[in-house]
Every structure is written in C-alpha cells, then in structure tokens.
Amino acid sequence: QSALTQPASVSGSPGQSITISCTGTSSDVGGYNYVSWYQQHPGKAPKVMIYDVNKRPSGVSNRFSGSKSGNTASLTISGLQAEDEADYYCSSYIGSSTYVFGTGTKVTVL
Amino acid sequence: QVQLVESGGGVVQPGRSLRLSCAASGFTFSSHDIFWVRQAPGKGLEWVATIWYDGTNKYYADSVKGRFTISRDNSKNTVYLQMSSLRAEDTAVYYCAKAPVFYSETSGWGPEYYFDYWGQGTLVTVSS
C-alpha cells in the first residue's frame, strides 16, 4: 500500500485560508469515508483534527474543516494563525483494521 | 485522563530484538483497539500494527510482517511490540495510539476508524 500523496509544503499569511490535498485511490480515500487528519508540532505526538472526512473532535477549532471528492480528501484551515504552523498528515482506513498515512505537508505561516 | 506511555526504546544492533511496551490508563483498555505507528527521523507517519480490543486479531504492515509481533495483556492495561531481525530502516520513534469506540443499536460496540489519543513515543535506533 503506497502512502497517500500530499503537497510537501503549503504557506499562507495570518488570517488567510489554506487547503491541503490528500490524493489516494479507490482502494483507500475513494473507497471509505474514514479519512482523518493529524497535526504534529516538532517533537510532539500527532493530534487528530478531523475524522470521518469532515467531523471535528471536541476541542478542535472550527477553523479546521475537511471534505472529500472522489479519491482526494482536503483539509482547509481558515483564519490561519501562527499556532497552526505544523506538519499535517492525512490517513485513510483501508479495510481489515489497517491504515495508510499521507506523505505529510509542512504548513508555514508567513 | 487518557494516557498512553511507551517504553523500551533504545539503541540495538541490526539483526537483534527489542520489545516495546505501551501502558494505558484513563479509559476502559479492554474495549479499545490499539495501534503502533512509527516515524523515521525527518520522515512521515507509518502505520505498523493493529491489535483488536480482545487480542483475537492482529494486523501488520508489509514492512514488518513476519518480524514484529503485537500482543496485549488486558489485566495489565499494556500492549507490546516484539521486534526481531531489526534493520536500519526500522529506526524511528514508535508511537502507540488508540481508536475510540461507538455503539450502534444494530451492531453493538465497534471501533471508530481513527486515532484519538497517542503516546509521546519511544525512539528505537538500529545501528552497529
């Protein structure tokens, strides 16, 4: 199972919106509505930001939203803030209790 | 509060073995699937293994199949990852993580398909 494809980096100014894509196949992203997104600051454990394509866990800012179209999922961060600067990973369930992660995207707040 | 604490990492020579532990607290451990996810230095996340809540089913990434074994002791709220025939490419921070559960009137309790809590990770370095 190959990693899902994400852009290596995305940047934006404070207050702007950015979108990170996560491209897979019909065997992963396209086949299940179980895409999740994780934020990871340097030296820290990942933190879930979105699950089941577009659901936000309690405590996660509503500036984070998710969507999916075909084999591509997306994470949008609106009203970009300095604290959003981090690495972001998508993940998809691929059946039989197995998962695949994306290649990761470094978000820079200019 | 939910806590997952990994231990057992260290420096090990290629071809040798190492056992990682993940001690859990703050939730009903025996009701949740547990996972190992690793991250090589400067690289992305890689799912490694899954063990069902009751230990009856285990799944592995192709990269570790036949070399790594996941197990759990629900009486000790602990999951293990026995790693053997270690290679340089196994060098990584190893995280354990859990999945939440949900209840359905039609199918009863079942896992959700994401990782809601993670440990802080333990570093494994495979080097001669």
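Please refer to the structure higher up on the page.
The structure contained in this document is the topic of the report that follows.

How each quantity is defined
Residues numbered from 1 in each chain as written. Chains lettered and ligands numbered in written order. Predicted model: local features only at pLDDT ≥ 70, side-chain atom pairs only at ≥ 80, totals over all residues. Heavy atoms only, no water. Pairing = 2+ DSSP bridges. Helix = DSSP H or I, 4+ residues; strand = E, 2+ residues; numbered from the N terminus. Axes fitted to C-alpha atoms, helices over the stretch in contact; angles between N-to-C directions. Core = buried A, V, L, I, M, F, W, Y, C linked by side-chain atoms within 4.5 Å. Buried < 20%, exposed > 50% of the residue type's maximum accessible area, 1.4 Å probe, protein only. Disulfide = S-S within 2.5 Å.

### Describing the sheet that holds strand E6 (residues 72-77) of chain A
All names here are of chain A.
- The sheet built from three strands is open, its strands ordered E2-E6-E5 with antiparallel pairing. Looking at the sheet topology across the chains shown, the edges are occupied by strand E2 (18-23) and strand E5 (64-69). Across the sheet, the axes of successive neighbouring strands diverge by a mean angle of 20 degrees, strand direction being ignored.

### As for the nonpolar core
- B:Trp36, B:Leu81, B:Met83, B:Tyr94 and B:Trp118 are the most contacted members of the largest nonpolar core, which totals 45 residues.
- Residues A:Val29, A:Trp37, A:Leu75 and A:Val107 belong to the second largest nonpolar core, which totals 24 residues.

### Notes on the state of the cysteines
- Under the definition given, this model contains two disulfides over all chains.
- Here A:Cys22 connects covalently by a disulfide to A:Cys90, the sulfurs 2.0 Å from one another. Here the S-S torsion is close to 75 degrees, and the disulfide linking A:Cys22 with A:Cys90 is therefore right-handed. Of this pair, A:Cys22 sits in strand E2 while A:Cys90 is found in strand E7 (residues 86-93), placing the two residues 68 residues apart along the sequence.
- The residue that forms a disulfide with B:Cys22 is B:Cys96, at a sulfur-sulfur distance of 2.1 Å. Taking the sign of the torsion about the S-S bond as the criterion, the disulfide between B:Cys22 and B:Cys96, at about 65 degrees, is right-handed. Pair noted here: B:Cys22 is in strand E3 (residues 18-25) and B:Cys96 is in strand E9 (residues 92-98), with a separation of 74 residues, a long-range link. Taken as a pair, B:Cys22 and B:Cys96 share a single burial class, namely buried.

Honestly, it's all geometry; don't read function into it.
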